[in-house]
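Listed below, chain by chain, are the residues.
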Amino acid sequence: GETLPLEKIRTWQKGIARLVELTAERGQPFALLRPGFEELVVLHTNAPQAGAELEARLRSAGIIPTLPTTGAGAVLGTHAGPGAVGMAGVVRKT
């Protein structure tokens, strides 16, 4: 697969808000797995607090009750740099 940026957001809070917004567009609140996703995970690069913050924002917005949060691998970490946070998902085929 390919890793491509979706868009560029300039501030931390706007970036987190946009990740929550994009995830919410995929389905109904509190589904165990988002209707648009087979799998969904929060990733961070040496920033577990940032990953936990994103997971908490998704939970408080009614996106999903809990999400796994884990460190990103070496390839994503190299491109994003330390302190990055994001999401990865496998889109469900319709």
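Residues numbered from 1 in each chain as written. Predicted model: local features only at pLDDT ≥ 70, side-chain atom pairs only at ≥ 80, totals over all residues. Heavy atoms only, no water.

Draft legend 1. Region of the structure containing the environment of E53. Relative to the elements of secondary structure, E53 occurs in helix α2 (residues 48-60). For the pair E53 and V42, spaced eleven residues apart in the sequence, the C-alpha separation amounts to 10.0 Å. Those residues in contact with E53 that lie beyond four places of it in its chain are W12 and Q13. (Helix = DSSP H or I, 4+ residues; strand = E, 2+ residues; numbered from the N terminus. Contact = heavy atoms within 4.5 Å.)

Draft legend 2. The pattern of salt bridges, seen in detail. One pass over the full model with this rule turns up three salt bridges. In this structure, R18 engages E21 in a salt bridge whose closest nitrogen and oxygen atoms are separated by 2.4 Å. Note that R18 and E21 are positioned in helix α1 (residues 12-24) at a spacing of three residues, about one turn of the helix. Residue class for E21 comes out partly exposed when judged on its relative accessible area of 42%. A salt bridge links E55 to R59; the shortest N-O distance between them is 2.8 Å. Note that E55 and R59 are positioned in helix α2 at a spacing of four residues, about one turn of the helix. In this structure E55 comes out as buried when scored by relative accessible area, which is 10%. Residue classification places R59 among the partly exposed positions, given a relative accessible area of 36%. In the salt-bridge network here, residues are joined through shared partners; they are E7, R18 and E21. (Salt bridge = Lys/Arg side-chain N within 4 Å of Asp/Glu carboxyl O. Buried < 20%, exposed > 50% of the residue type's maximum accessible area, 1.4 Å probe, protein only.)

Draft legend 3. Region of interest: the nonpolar core. With eleven residues, the main nonpolar core is built from I16, V20, L40, V42, A47, A50, L54, L58, I64, L67 and V85. Here this core gets three residues from one element, more than from any other, and that element is α2. (Core = buried A, V, L, I, M, F, W, Y, C linked by side-chain atoms within 4.5 Å.)

Draft legend 4. Summary view of the packing of α1 against α2. Relative to each other, α1 and α2 sit at 45°, their axes nearing to 10 Å. When the axis of α1 is compared with that of α2, the two are oblique. Judged by the twist between their axes, the crossing of α1 over α2 is right-handed. Counted together, W12, Q13, I16, A17, L19, V20 and T23 of α1 and A50, E53, L54, R57 and L58 of α2 form the full contact between these two elements. A breakdown of the residues in the contact of α1 with α2 according to their chemical character gives eight nonpolar, two polar and two charged. (Axes fitted to C-alpha atoms, helices over the stretch in contact; angles between N-to-C directions. Parallel < 35°, antiparallel > 145°, perpendicular 65-115°, else oblique. Left-handed = near helix turned anticlockwise from the far one by under 90°. Nonpolar A, V, L, I, M, F, W, Y, C, P; charged D, E, K, R; others polar.)

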